[in-house]
Amino acid sequence: MKYDQKKFSRRQVIKIIAFGATLPLMGILIDKAEAAKAAKELMKYQDKPNGNEKCSNCIQFIPGKTPEADGECKVVEGSISPQGWCTAYSPESK
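Along every chain, residues carry numbers that run from 1 in the direction the sequence is written. Restriction of local features to residues with pLDDT of at least 70 applies here, the model being predicted, together with a cutoff of 80 or more for giving and counting side-chain atom pairs; totals for whole chains, interfaces and linings are based on all residues. The basis for the side-chain values is all heavy atoms of the structure; hydrogens and waters are excluded.

(A) Spatial organisation of the environment of Tyr89. For helices the rule is a DSSP run of H or I covering at least 4 residues; for strands it is a run of E covering at least 2, with both sets numbered from the N terminus onward. Its location among the elements puts Tyr89 in the segment after β2 (72–73). Separated by 14 residues in sequence, Tyr89 and Val75 place their C-alpha atoms 9.6 Å apart. Residues contacting Tyr89, with those up to four places away along its chain left out, are Glu53, Lys54, Asn57 and Cys58. The term polar contact refers here to a pair of N or O atoms within 3.5 Å; inside protein, the definition further demands a hydrogen-donor-capable atom paired with an acceptor-capable atom, and it admits residues adjacent in sequence only when both atoms are side-chain atoms. Of note is the side chain of Tyr89, whose polar atom sits 3.0 Å from the side chain of Asn57. Contacts are assigned to residue pairs that have any heavy atoms within 4.5 Å of one another.

(B) Examining the pattern of salt bridges more closely. Whenever a carboxyl oxygen of Asp or Glu lies within 4 Å of a side-chain nitrogen of Lys or Arg, that contact is scored as a salt bridge. On inspection of all chains with the given rule, the structure shows 1 salt bridge. As a salt-bridge pair, Glu72 and Lys37 come within 3.9 Å of each other at their nearest N and O atoms. Here the residue Glu72 occupies a position in strand β2, and Lys37 occupies one in the loop between α1 (10–35) and β1 (61–62), the gap between them amounting to 35 residues. Only protein chains enter the calculation, and the probe is 1.4 Å; a residue is then buried if its accessible area is under 20% of its type maximum, exposed if over 50%, and partly exposed in between. In this structure Glu72 comes out as partly exposed when scored by relative accessible area, which is 44%.

(C) Quick peek at the nonpolar core. We call a set of buried residues a nonpolar core when its members are Ala, Val, Leu, Ile, Met, Phe, Trp, Tyr or Cys and they connect through side-chain atoms within 4.5 Å of each other. With 10 residues, the main nonpolar core is built from Ala38, Met43, Tyr45, Cys55, Phe61, Cys73, Val76, Ile80, Cys86 and Ala88. Contact partners of Tyr45, with chain neighbours within four places excluded, come to Lys40, Cys55, Ser79, Ile80, Ser81, Gly84, Trp85 and Cys86.

As structure tokens, then:
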């Protein structure tokens, strides 16, 4: 039985190694880009509701330890009041 074996040149091996070394770095950079949040000013965040729209009933809101405690947002940076509101508001579907 005869097998066709492909031989790699040194240059090809170095390229493969270099590419393999960059993959973890690319993953880290993509994770950091996804983790970036918008500034409160950019999202027009306010500590008071906009009518019935408030952070506590938004799908982006991550509640604090108690219902009254400030939480976080998936979109806006910093501490977020459950009574707050911003332009990223999106109501929870029930």
